[in-house]
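Given next are the chains, with one letter for each unit.
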Amino acid sequence: MRASLRSDRSGISGMATAVITAVSVIVICMSAYILLGDDKGEDGRSAAFGLSTTSITIEEGEIVTITPISYIYLDSVEYSVYDDVVSISTSGGYCDVTGMTPGKTSITAVCEGRTASCEIEVVEPTDHFIMAPELRVYDMNSPDLDLAILDANGFFGSGGFRTGELALSFNAAGYAVVSLAGYTKDTLTIDPGFIGNYLTDFYRIAFSVTGPDGQHVADSTYSKNVADSLPVMRPWRTASDIFGSSSNDSCAEVGFPIASLGYGEYSISVDLIHKIPSGTYVAKTITGTFEYMEGDGTMDSNEYFVRPYAWKDGSGIHGFEIEFPYYEYLMYYSENTARMTTYISGGTTYYMNKDPEAEKEYVRNICVGGTLCDLLSEKLESAYGGSDLGTPEYAQFILTFVQICYGYGADNILYYGGDGAYSSNTDYWAYPAETVWAGNGDCEDTSILCAMLLKNAGFGAGVYFVPGHAIAAVALTDYDTSKALDISHLGTSEYGIMKTQTGPVTYYGCETTAERSRAIGVIDTSVDVNGTVYDYCDTSADWCKLYVI
C-alpha cells in the first residue's frame, strides 16, 4: 500500500498543503472515458486504457499524482520520463510527479501493450494566498464533464461539503444526490444517548434544496417511528410544482434532476431535529452550497476530501477523520459505472452493474478496497487501541463501526435512478470506496465494505446472499455466542445465530444495516420476501450462499 494518501502539492517550505491554492490540474480526455465505458474485455471489465491526467501545469517542487482512469490497471502500468524537467516515483500503479526545473516534458505509461501519455509544464514558483482550495465533483455522465464547485465561499472546513458531513454524487439518470456522509464529535455531544448514527439519533431529518434564482427544488424527510424508536423512512419526494411528484423508499439523502434544472448555484440545508420530553427542536443545521457549471471536457481530480466519524459503543466514544484525494474514489466509480447494463427477466427490465449469473466472481472482484480502505483500516486499528487485533472483540469493533457510521442508501437514488425512472429495478453493487464517499449504501454495499475491512484486519471474510438481503461474514475460531442475543437487546423469537462451519473456522453473519450495534452472528429468523418467509440462519438451505473473498 502507499505510505500516505497525501502528496506535497506546494513548493513553499513550511506551509501546509491543505491551505495552498496551487495550479495543479488533472485532465481526463472525455474520449478516453467514453472508450472506457464502451470497450469491454472478455471478463466484463473495461478494456480501454487511459490516464487520469493528460495535461498538467505544476510548479518547481510541487508534487502531483497520476493514476490510470480505472483501478484495474494499477498492477500492470509502467511509467517513464526521458529528461530532468520532472522526476517520478512509482508505487503500486501510482505515479508521483515532482517538478524539478522549468520546462516542458511528457510522461509515458505502458499497460498490456497500450500506451498513454501526459504532457507536463513546470513553471517557477509563484506567490500563494492562504485560502481554501476548490473542491470539485464531476458529473461523469455529462458529455462535457460538467462539474460542481463545493462550498466555494467557505474557508478551512466551512460548509458541510468541506467538513465531510455532506457528500455530492451524480447518478446515471441525470440526478444530483446529496447525502449525509460523515458524523462529527460535536454532533455526538448533543445528547448523552446519541450513538453516532443520524437515523437512530434524530427524531426527524429534513433536507431542503434551493436552486438557481432561489427556486425551491427538492426536499426529503426522514422520521423515526415513535412507537418503537426504530428508523422508518417517510416517502422521498421532490417539488411537485416543478417536475411532478414521486415516491421511493429513501434514507438520509435527497436527489433532484440537475440535468433538467440547469447550471447555477444550489444551496442545501439539513435540519437535524431532536425530540426531548418537552417537545422537538432543531438541534443542528448542516448547510452546503455548490455551483453547477458547464465543463470543458477536462478534469482536476487532485482535491482532497474528508470524512469525519464519531460513534459510541460499550467501550466508550471513538472518532477520527480520514482525508483522501478525489481520484481514489474516481478510479472505482468510473470502472463500476462503465459496467452498467440492462437485463430482462419476466418481461421486466433491470438496470445492473453485474451479471446475475456470476455473483460469486463479482463479489470477489468488487471487494477491492485500495489505499482508501487501507487508510480506513489503519484509523480503525488506532481507534481500537488494543493489542488483541485477531480476536472476536476487534471483529465486533469493526462491525459496530460499519453498523453505526453508515446509513442505508437506495441504489435507485444514489446510482442509477431518480424520479421513479428506475425504481426498485436498479441493483448496483458499490465498491467500498464508493460507499465511503456517499456515507451510506444498501445491504450488499455495506456488507462488501465490512468484509473488506475485516479482511484488511486479517480475518477470513465474505458475504452471505439470501433472498432479498446480503450479510457480511467473518471467520472466527473462538467465539462465544451465548450472550450475543442479550447484548444486542434482541429476543430469541425472531433472531438466531447465523453460522457456517468451514474446516477449522466458523463463518458468522454480520448484519451491517442495523444502524446500531448488533453482535456478530445475530440475524433474523423470520423474514417475509414477496410472500415467502425465510429463516436467514438456516445456512444449509440451497438459497443461502456464502462467498468468501
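Description of the structure in this document. Residue positions are given per chain, counting from 1 as you read along its sequence in written order. Given that the model is predicted, a residue must reach a pLDDT of at least 70 before its local features are reported, and side-chain atom pairs must reach 80 or more before they are shown or counted; all residues, however, enter totals for whole chains, interfaces and linings. Note that water and hydrogens are dropped before the side-chain values are worked out from all heavy atoms of the structure.

Here's the deal with the overall build of the protein chain
Part 1: Secondary structure summary: the protein chain contains 14 helices and 34 strands in total.
Part 2: Exposure classes here rest on a 1.4 Å probe applied to the protein chains alone. A residue is buried below 20% of its type maximum, exposed above 50%, and partly exposed in between. When burial is assessed residue by residue, the protein chain has 56% of its 549 residues classed as buried.
Part 3: Two residues qualify as a contact provided that any one of their heavy atoms is within 4.5 Å of a heavy atom in the partner residue. Put simply, 65% of the contacts in the protein chain that link residues at least 6 apart link residues at least 24 apart.
Part 4: Computed with a 1.4 Å probe, the accessible areas rest on the Shrake-Rupley method; for each residue, only the protein chains presented here act as cover. Carbon together with sulfur atoms contributes 48% to the accessible area of the protein chain, which is approximately 21,600 Å² in total. Numbering of helices and strands starts at the N terminus; helices are DSSP runs of H or I of at least 4 residues and strands are runs of E of at least 2.

Section: the sheet that holds strand 26 (residues 460-466)
Part 1: A pair of strands is labelled paired if DSSP reports no fewer than 2 bridges between them. As summarised here, the arrangement of the five strands in space is 29-30-27-26-34, forming an open sheet in which the pairing is antiparallel. Each edge of the open sheet is held by one strand with a lone partner, namely strand 29 (499-502) and strand 34 (545-548). Across this sheet, the average inter-strand angle for adjacent strands is 30°, counted without regard to direction.
Part 2: Inspection of the sheet shows strand 26 paired to strand 27 (residues 469-476) by seven bridges, in the antiparallel sense. Paired with A461 across the strands is V474, a residue of strand 27.
Part 3: Angles run from 0 to 180 degrees between N-to-C directions of axes, and those axes are lines fitted to C-alpha atoms, restricted for helices to the stretch in contact. Sheet strands in contact with helix 8 (residues 359-366) are strand 26 and strand 34, and its direction is about 40° off that of strand 34.

Quick word on a negative patch on the surface
Part 1: To count toward a patch, a residue needs a relative accessible area above 30% and no salt bridge. Like charges then connect within 9 Å, nonpolar side chains (Val, Leu, Ile, Met, Phe, Trp, Tyr) within 5 Å. Any Lys or Arg side-chain nitrogen found within 4 Å of a carboxyl oxygen on Asp or Glu counts as a salt bridge. Charge assignment in this entry is limited to Lys and Arg as positive and Asp and Glu as negative, and neither His nor the chain termini are counted. Throughout, a charge is located at the NZ atom of Lys, the CZ atom of Arg, the CG atom of Asp or the CD atom of Glu. On the surface, a cluster of negative charge is made up of D388, E393, D478 and D480.
Part 2: Along the polypeptide, D480 turns up in the loop between strand 27 and helix 14 (484-487).
Part 3: Relative accessible area serves as the criterion here: at 55%, D480 is assigned to the exposed category.

Some remarks on the packing of aromatic side chains
Part 1: Aromatic pairing here means that ring centres of Phe, Tyr or Trp (its six-membered ring) are within 6.5 Å. Orientation follows from the plane angle: under 30 degrees is stacked, over 60 is edge-to-face, and everything else is tilted. All chains considered together, the criterion is met by 36 aromatic pairs.
Part 2: Here F324 and W437 contribute two aromatic rings whose centre-to-centre distance is 6.2 Å and whose plane-to-plane angle is 75°, an arrangement assigned as edge-to-face. Taken together, the residues span a long stretch of sequence, with F324 in strand 20 (residues 316-325) and W437 in helix 12 (residues 432-438) at a distance of 113 residues.
Part 3: Either the NZ atom of lysine or the CZ atom of arginine qualifies as a charge over a ring when it sits within 6 Å of the ring centre and within 35 degrees of the ring normal. Between K275 and the ring centre of Y203, over which it is positioned, the NZ or CZ distance is 5.3 Å.
Part 4: Between R307 and the ring centre of W437, over which it is positioned, the NZ or CZ distance is 4.9 Å.

Structural notes on the packing of helix 10 (residues 392-405) against helix 13 (residues 443-456)
Part 1: Axis separation between helix 10 and helix 13 bottoms out at 10 Å; the angle between their running directions is 150°. The orientation of helix 10 with respect to helix 13, classified from their angle, is roughly antiparallel. Two packed elements cross with a definite hand, and for helix 10 against helix 13 that hand is right-handed. Along its contact with helix 10, which presents A395, I398, L399, F401 and V402, the element helix 13 presents T446, C450, L453 and L454. Small angles under 35 degrees read as roughly parallel and large ones over 145 as roughly antiparallel, with 65 to 115 read as roughly perpendicular and the rest as oblique. Left-handed describes a crossing whose near helix is turned anticlockwise from the far helix through less than a right angle; right-handed describes the clockwise counterpart.

Interpretation note: all reported values are geometric properties and have no functional meaning in isolation.
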